[in-house]
Every structure is written in C-alpha cells, then in structure tokens.
Amino acid sequence: MNAPVKASENALRRRAAEAVALVAGRLADPAADVPAFRATSLGDGAPGIALLHAELAHTDPVHRSAAHRWLRHGAALAGRASAPGAQGLYGPVAALSFALHRAAERHTAQAHLARQVAELAGLRADREERRLGEHLGCTLLTAYDVISGQAGLGAHLLELGGPAPKAAAVRAVRALTALARPVRAGDLLLPGWWVALDADAYRPVPPAQGHANLGMAHGLPGPLALLALAWRQGARVPGQRAAITGFAEWLLAQRRTDAVGPWWPGQVTAGSAQSRPGRPSWCYGTPGIARALQLAGLALGVPRWQEAGVGALRAALARAASGEVGPAAEPGLCHGLAGLLQTTWRVARDSGDAELAGHLPWLAARLLDLVDEDRPYGFAEAPGARPPEEHPGGFLTGAAGAALALHTFATDTAPATRWDRALLLA
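Throughout what follows, the structure given in this document is the object of discussion. (Residues numbered from 1 in each chain as written. Predicted model: local features only at pLDDT ≥ 70, side-chain atom pairs only at ≥ 80, totals over all residues. Heavy atoms only, no water.)

A closer look at the overall build of the protein chain
Stage number 1. Of the regular secondary structure elements, the protein chain holds 15 helices and six strands.
Stage number 2. Taking 426 residues into account, the globule formula puts the C-alpha radius of gyration at 22 Å, and the protein chain, at 20 Å, falls close to it.
Stage number 3. Expressed along its principal axes, the backbone C-alpha trace of the protein chain runs to roughly 60 × 55 × 40 Å.
Stage number 4. Counting all 426 residues of the protein chain, 58% fall into the buried class.
Stage number 5. A separation of at least 24 residues holds for 69% of the contacts in the protein chain among residues at least 6 apart in sequence.
Stage number 6. Entry remark: accessible area of the protein chain is about 16,700 Å², with carbon and sulfur atoms responsible for 54%.
Stage number 7. The distance from the centre of the 41 positive side-chain charges to the centre of the 35 negative ones in the protein chain is 6 Å. (Helix = DSSP H or I, 4+ residues; strand = E, 2+ residues; numbered from the N terminus. Rg over C-alpha atoms; globule rule 2.2 N^0.38 Å. Buried < 20%, exposed > 50% of the residue type's maximum accessible area, 1.4 Å probe, protein only. Contact = heavy atoms within 4.5 Å. Areas by Shrake-Rupley, 256 points an atom, 1.4 Å probe, with all protein chains shown as cover. Lys, Arg positive; Asp, Glu negative; His and termini not counted. Charge placed at Lys NZ, Arg CZ, Asp CG, Glu CD.)

In structure tokens, the structure reads:
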C-alpha cells in the first residue's frame, strides 16, 4: 500500500473512531432516553446497546459502568413485562444472557438466564422432534432461524458452561441437522427447511405455494453457519457432516450468475424466480450466504465452498461499488451498510483476500456519510416508513450496531466480545 493511500485509510479509521465515540456518548445512560419499543430485545433494546459498551470497555474501562447500566435497565424492564415476547436469541431472556455474557461480569443472574435459554431451546427441539416423528408437515422459520429459532439460540448456548446449556446446545445441533430430512407434502418431496409461507408477506399457504428462504436472518444459511461453528467447537452429532455438505451444495445449486459474477436470490419458490441480484445485506442475499459457505468450508476443510463464498461476495461488492445494485442507504446491521461492512471484514480476514479487504474503506466511508450529529443517536435514520419497533439507537437496525461495525473497522481487529455471533458471523 503506497503512502498516500495508507494515510487516507488511517484518516478514515480515525473518523470511524470519532463516530463510535459520538454514538457511545449519546447512548451512555438509559436514564437520558429510554428506548420506547421492545426495550428488552437484542435488536432494539437495552441488551443490544449494552453490547456496544461491553465491546468498548475492553480498551476504555469507562464504558464498563455504561454497559452495566443498560443491563440493569433491561433486566428491570424484563421483570416488569406483562408478556414474555419473542423467545429466540433476540427475545428478552436470551438477549439479556447474551449481553451479560459479553460484559464479562460475574453475576448471580448468569446461571439462571443460561438455564432459561437452555429451556427455551429445549422447547424448540421438542416441537421439531414431534413434527418429524408425527409427520406434521413443514417446519417454521421460528423453529430454526437466527432471530427466533434454534440457529440463534444454539449459537449462544455453544458459549455457555454447565450441563443444561451444553445439553441444549447439542439438541439444537441435532435439530438443525434433522433439517436435512426432506418433508413430503402430498406428491411433493420438499427440502426440510421449506416453509408453508408466502414468500412476500409470509402468510400461511399450502406447502406447494411456500418457499425455501435463503436469507442469513431467516433462512438456510443460519443453520449452516451454526452447524459449522458447532463443528469447529467440537459439538458434533451423527449426520452433522452430511447435513453441512447437503446444505452447502444445495445453496451452490441455487446460485445465479450475471455479467459481474455469482449471486443468490432471497427465496426459492416452486413457480417464480428472482431475475436479478437484490441489495447486498447481511439479512438477505449474497453476503450472508457467502459467510455461511466460508464457515462451512473452514469447518470441514472444503476450499471450494470457501472460494465460492469469497467469489460471490467480491461480485456483490463490485456491483455495489459501481452503483449497479448498491447497499441500502441506512446504517444498520440487518439490511444496511454496517452489516455489509462487518460481514466483509470477517470474510476478508478469514480468507486473506486482498480484493475484499480493498472494499472496506469505501464501505466505511459510505457508512460515515450517514453520521449526523443533529440526530439523537448520531446517525441519520433509515429512509421511508419503518416499523415502530425499529429503534434508531438499537443494535440490529440502529446506531449501536453501526458503531460496533465501525469499531471493527477503526481497530482492524476482531471484536473482543465476539458480539457478531448474534449475526452468526463468528
């Protein structure tokens, strides 16, 4: 790298660090501005904001007290909640457990929360075993996905000690491995991850009108990434290698190609096909699939899967850089620039690919273009109408997640807390 380019990149990293400090300052105290929506969720509430301060505390201890304030606030809100809400990784129980684990603070609640997460995963496993044993038809996204299902819960359980979490992690791995078993619906033999939901509005439909989801957030890449991470951590069950292989090869079979290179649709249905690449993002499309394939290839030592992931992400970023199909003009991790930045950083780091690494500065620059000191949390909010639960300061779609991705770029080091396990990137 020549001197002017290096100087420019260093200046960009300093800007990123300043933006992180701005967001962290705006989100220092829950008493100043309590998130109004889903306040105990990982996506938009107190636990997700605690992740930002837990990560920054590794280099600046002043953030440790801020992380604890947000965790206490989240726990208090969860205790007052009249309904339990969603019960996956992004729901109140697992979200608090995930954030508390990353705060690296011994707390009496940790073991209790870990047991509760294990119980939640056990209920998911019970339902899936009953569905398969009694031939009750298609699975549900909430049974297996990253946000609400076994892929997300399993990712956290793999980190926890104790007999109950370890046993639940193995059951989660077993349940996701069982997705390799096809499902019969009348005369149709469908993939085990096929859901009887409309691909657009996710309304219930007959199985033949359903879809196979290819998004990292709600589709097959989540289970593939979880099985690969579990394999690398030594959590292995019969059939897991075959399931990883089957999932990876099925994803490769769904690959499309245009003049720039390979890409994937968001869903596969029986009667229609997406004709061109969508916006590159973590939650849907090529980037999340690319990381899942890379993790699978690293787990089983299959270079072809790793190369397929790297090549597809290169193509997605080339389209984005040219303006052909750019990322959404919003900061968040889910479908915005922060998720694309963090995914690219992880794939580039594990592959050593110079072309991918070369895309990081412009991705960071575009994210920094969205910094707006006049906004309450330091970032311009996503354009258009947004669901009311998408809090602009939160982890998944808001400023806290954007700041975490910028912190990775600014330091050029893997997150000390491995916060991006919540995205199944690591």
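Some details on the side chain of E9
Stage number 1. As for its placement among the helices and strands, E9 is situated in helix α1 (residues 3-26).
Stage number 2. Polar contacts involving the side chain of E9 include one to the side chain of R13, which spans 2.5 Å. (Polar contact = N/O pair within 3.5 Å; in protein donor to acceptor, adjacent residues only side chain to side chain.)

Describing the packing of helix α12 (residues 303-322) against helix α13 (residues 337-351)
The relative placement of two packed helices is expressed as an angle between their axes plus a distance between the axes.
Stage number 1. Across the interface, α12 lies against α13 with an axial gap of 11 Å and an inter-helix angle of 140 degrees. Comparing their axes, α13 and α12 come out oblique. Crossing geometry of α12 relative to α13 is assigned as left-handed. Across from V310, L313 and L317 in α12, the residues of α13 making contact are L340, T344, V347 and S351.
Stage number 2. Here the residues of the contact of α12 with α13 are counted per class, giving five nonpolar, two polar and no charged. (Axes fitted to C-alpha atoms, helices over the stretch in contact; angles between N-to-C directions. Parallel < 35°, antiparallel > 145°, perpendicular 65-115°, else oblique. Left-handed = near helix turned anticlockwise from the far one by under 90°. Nonpolar A, V, L, I, M, F, W, Y, C, P; charged D, E, K, R; others polar.)

Here we look at the environment of H73
Stage number 1. With respect to the element layout, H73 can be found in helix α3 (residues 62-80).
Stage number 2. Owing to a relative accessible area of 15%, H73 belongs among the buried residues under this scheme.
Stage number 3. The spatial distance from the C-alpha of H73 to the C-alpha of P30 is 7.0 Å, given a sequence separation of 43 residues.

A few points about unusual backbone geometry
Stage number 1. Positive phi values are uncommon outside glycine, yet Y202 reaches one of about 60 degrees.
Stage number 2. Looking at the element boundaries, Y202 is found in the loop between β2 (188-190) and β3 (211-213).
Stage number 3. Residues other than glycine seldom take positive phi values, yet D412 does so here, at roughly 50 degrees.
Stage number 4. One can find D412 in the segment after α15 (399-411).

Re the nonpolar core
Stage number 1. With 131 residues, the main nonpolar core has W282, F395 and L406 as its most contacted residues.
Stage number 2. In terms of residues, this core owes the most to one element, α15, which gives nine residues.
Stage number 3. Setting aside its immediate chain neighbours within four residues, F395 contacts L42, G43, G48, L51, Y90, L333, A400, G401, L404, W419 and A422. (Core = buried A, V, L, I, M, F, W, Y, C linked by side-chain atoms within 4.5 Å.)

Focus: the packing of helix α9 (residues 221-232) against helix α10 (residues 240-253)
Stage number 1. In the contact formed by α9 and α10, the axes pass within 10 Å of each other and the chain directions differ by 140 degrees. When the axis of α9 is compared with that of α10, the two are oblique. For the pair α9 and α10, the crossing hand works out as left-handed. On the side of α9, the interface is formed by P221, P223, L224, L227, A228, A230 and W231, while α10 contributes Q240, R241, A243, I244, F247, A248 and L251.
Stage number 2. Of the residues in the contact of α9 with α10, the class split is 12 nonpolar, one polar and one charged.

Side note on the pattern of salt bridges
If the charged atoms of two oppositely charged side chains come close together, the side chains can form a pair.
Stage number 1. By the definition in use, this model includes 16 salt bridges.
Stage number 2. Put simply, R314 and E355 hold a salt bridge, and the shortest N to O gap is 3.6 Å. Of this pair, R314 sits in helix α12 while E355 sits in helix α14 (residues 354-368); the two residues are 41 residues apart in sequence, bridging distant segments of the chain.
Stage number 3. The shortest N-O distance in the salt bridge between E381 and R375 comes to 3.0 Å.
Stage number 4. Look at E381 and you get partly exposed, because its relative accessible area is 42%.
Stage number 5. Through salt bridges with shared partners, a single network forms among R102, E159 and R418. (Salt bridge = Lys/Arg side-chain N within 4 Å of Asp/Glu carboxyl O.)

A few points about the environment of W264
Stage number 1. Mapped onto the elements of the fold, W264 is located in the loop between β5 (262-263) and β6 (267-269).
Stage number 2. The exposure class assigned to W264 is buried, which follows from its relative accessible area of 2%.
Stage number 3. With 49 residues separating them in the primary sequence, W264 and G215 have C-alpha atoms 9.3 Å apart.
Stage number 4. Here W264 is in contact with L214, L251, L252, Q254, R255, Q274, G285, T286, I289, L293 and A312, once residues within four sequence places are set aside.

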